[in-house]
Amino acid sequence: MSRIENERVCAKGSGGRAPRALAQYRALLAKDVRQELRTREMLTSMGVYALLVLTIYGAALAQVGDKLQVVSFAGGLLWALVIFTSLLGLNRSFGHETESGCLEGILLAPVDRAVIFLAKATSNLLFLLAVEVVVVPLFFLFFLSGAELAATTPLIAVPLLVGTVGVAGVGTLLSTMTIETRGRDVLLAILFIPVAFPLLYACVSATTCAFLGVEGTMGTFWTSCGVALVYDVVMIAAAWGLYEFVVDA
Amino acid sequence: MVQSKADRLVPLLLLLGAVLTAVDVVWTFTLAPLVQGAQLSEPVVIAGQMVTTKLLLSQKIFYLHVPVAIASFVVMAFLAYYGVRFLMTKDRAYDLRAYVAAQVALVFIVATMISGDLWTCFEWGVWWVWEPRLTTYFILMLLVIGYFILRNAIDDPEKRARFCAVFGIIAFIDAPISFFITRLVPSSIHPVVFRTDSGLPPMMLIPFLLGLFGMLMIGFALYRYALRVHGDAQAVEELKEQLEELDARANERAAAAALERLSARHAVEVVREAACDASAVAARADDENPSKED
Amino acid sequence: MDAILSEVYSTVLPAAPFVLAAYVGIWLTLFVYVFSLWKKSKHTSEDIEALKRALEERERKE
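Keep in mind the model is a prediction, meaning the values are calculated, not measured.

K.L.:
Looking at this structure, I do not really get the interface of chain B and chain A. What am I missing?
P.N.:
One widely used convention gives an interface's size as the accessible area the parts lose upon coming together. The partner chain A presents 21 residues to the 25 residues of chain B that form the contact. Around 2100 Å² of area is buried between chain B and chain A when both sides are counted, 77% of it from carbon and sulfur atoms. Per-residue buried area on chain B facing chain A is highest for F163(B), V166(B) and I170(B); these three make up 24% of the total on that side. Run the count over chain B and chain A and you get 0 salt bridges. Our count for the chain B to chain A interface comes out at 1 residue pair in polar contact (both at pLDDT 80 or more). At the level of secondary structure, the elements contributing two or more residues to the side of chain B that touches chain A comprise α4 (132–153), α5 (157–172) and α6 (174–184) of chain B. Here the side of chain B that touches chain A gets 10 residues from one element, more than from any other, and that element is α4(B).

Written out as structure tokens, the structure reads:
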């Protein structure tokens, strides 16, 4: 903790507003990453949870045999996995902040609320991406190892990245709100799933296009990615602007 | 309990809205022509007009379904607007307005869902399709329901107002998506109403517009009425709390006074006892003293 | 009715219950909401009466 304080003091000393905000952002982000690397609380729980969702998929698809083309709905399965896993992670990400009273400490410091939002969203994004890097290959291993993959399959990285950015952005805002309410885990799901739905819809469409790789569907792929990107921009801008009202105690 | 100018307009607007929608309904079933459906095997002449297709009655749902849906979007916009106003001014009155707007929005959304779903069931042969318009509208309903759940989950009124305002603004983002999705997604099979190219014939457009304005008036009247009911209820709740607080304070004061009296009496007793003791000691001293003096 | 006319109106009669139900459904939803508001307002006026009585009681006591 003392190192962070030092960094913040240095940041204050370094003059200008923009560089100071950048230094604060870096300090907050480094705090989150360091804390996570020390405890590995969020990453392990998310990883194990994702593995459990994959197991449930296994049970759900166990009786259909080999005739079913999993590729045709793999996009949907993959995104259901991403959404459920990120719900768990978003709930955890503010858990230790409030438990240790860390959030109050940050709010007392003269840090711009938008910087706090960006730092928190970035750390959430990093953790979600870290989990996806492990889980998506596992998904391929479990469900698509026998299937013939289209040449365009690697393109699923585009909707995954765009979608995860949106999930982290809007999820950070909503989880900050729900963390201090009764029944916060359920409430986050109730608020997050409808809000993230347009993004989910676009990302599933793009991912399915990439998985199938049918001639002439690449237009739909890029349109869907574009829609997801527009959603990201609108939602993150809204969340950024509204964040100060959410943490303003 | 404050009667503003808008409140006096409410009965008038309600009446006008009812008349307009009634005219819409009557016009719909009498003057508006039936929409043409599938091609007939051979043309036929009815009442001097050549008819080549089947006639559809189910389209009549449109004349009230679409006005209600548009009214729900308008009320959603008010929900977001009052959220913004609250965040700007921190005036609790705007929180109440946003809450009432969310209620009216939910009512209109449910009405739209019921009428639209009946049309879906008849025309498409299924009760539900995950079609873009239906899906986004369904999501809109879930968002408004989520708004109420969020409201119930927070006890602190100030924080509740802030969080609900933020969520109302976020939730409203889905409304324009739902409105424009039939134009954005080419695969959507939901009919598009507002277009510049084709448009409706006047005999169908007029009742639709009557219904639209009637519904907007009814929506406004409902909103004002609900605002008054909830405002009164809130004021009464506050008065009750104040009274209870006063009672508690009065009780506290009475208890304190009683305690004081008690301790005063006790003190008197203590003093009296002490005095007794002192006199006893003095008497004993008096008893002992003479022997000492001797 | 001859065959072609019954084909023209083939979907009209089956659709009638749905159309009716849709119109009734919309108005019913609105009326249910108004009814719930009316009940709430009645509850509020009862509360006001109770408050008035409570105040009078206190005044009499003092």
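Now that the structure is up, let's keep going.
K.L.:
I'm lost on the pattern of salt bridges in this one. Help?
P.N.:
For the coordinates displayed, the defined rule picks out 10 salt bridges over all chains. The closest approach of N and O atoms between R249(B) and E245(B), which form a salt bridge, is 3.3 Å. On the criterion of helical spacing, the pair formed by R249(B) and E245(B) is a turn pair, its members being 4 residues apart in helix α7 (residues 202–293). Taking relative accessible area as the criterion, R249(B) reaches 44% and is therefore assigned partly exposed. Residue K52(C) is joined to E49(C) by a salt bridge in which the shortest nitrogen-to-oxygen separation is 4.0 Å. On the criterion of helical spacing, the pair formed by K52(C) and E49(C) is a turn pair, its members being 3 residues apart in helix α2 (residues 12–61). What makes K52(C) partly exposed here is its relative accessible area of 48%. Counted as one network, the salt bridges with shared partners bring together K31(A), D32(A) and K120(A).

K.L.:
Explanation requested: a nonpolar patch on the surface in the structure shown.
P.N.:
Residues and elements named next belong to chain B. Residues V74, F78, Y81, L205, L209, F213 and L216 make up a contiguous nonpolar surface patch of roughly 560 Å² in combined accessible area. For the nonpolar patch, the secondary-structure elements that each account for two or more residues are α2 (62–89) and α7. Element by element, the count of residues in the nonpolar patch is highest for α7, at 4 residues. Position of V74 relative to the elements: it lies in helix α2.

K.L.:
In this structure, what is going on with the nonpolar core? I would like to understand it.
P.N.:
A general trend in soluble globular proteins is that nonpolar side chains are found buried together. Ranked by size, the top nonpolar core spans 150 residues in total, and within it F139(A), M177(A), F192(A), V195(A), F108(B), L150(B) and F167(B) carry the most contacts. With 15 residues, the single largest contributor to this core is α2(B). For F108(B), the contacting residues outside a window of four places in its chain are V68(B), A71(B), S72(B), V75(B), Y137(B), M215(B), G219(B), L222(B) and L30(C).

Criteria and thresholds
- Residues numbered from 1 in each chain as written.
- Chains lettered and ligands numbered in written order.
- Predicted model: local features only at pLDDT ≥ 70, side-chain atom pairs only at ≥ 80, totals over all residues.
- Heavy atoms only, no water.
- Contact = heavy atoms within 4.5 Å.
- Buried area = accessible area lost by both parts, 1.4 Å probe.
- Salt bridge = Lys/Arg side-chain N within 4 Å of Asp/Glu carboxyl O.
- Polar contact = N/O pair within 3.5 Å; in protein donor to acceptor, adjacent residues only side chain to side chain.
- Helix = DSSP H or I, 4+ residues; strand = E, 2+ residues; numbered from the N terminus.
- Buried < 20%, exposed > 50% of the residue type's maximum accessible area, 1.4 Å probe, protein only.
- Patch = residues over 30% accessible without salt bridge, like charges linked within 9 Å, V, L, I, M, F, W, Y side chains within 5 Å.
- Areas by Shrake-Rupley, 256 points an atom, 1.4 Å probe, with all protein chains shown as cover.
- Core = buried A, V, L, I, M, F, W, Y, C linked by side-chain atoms within 4.5 Å.

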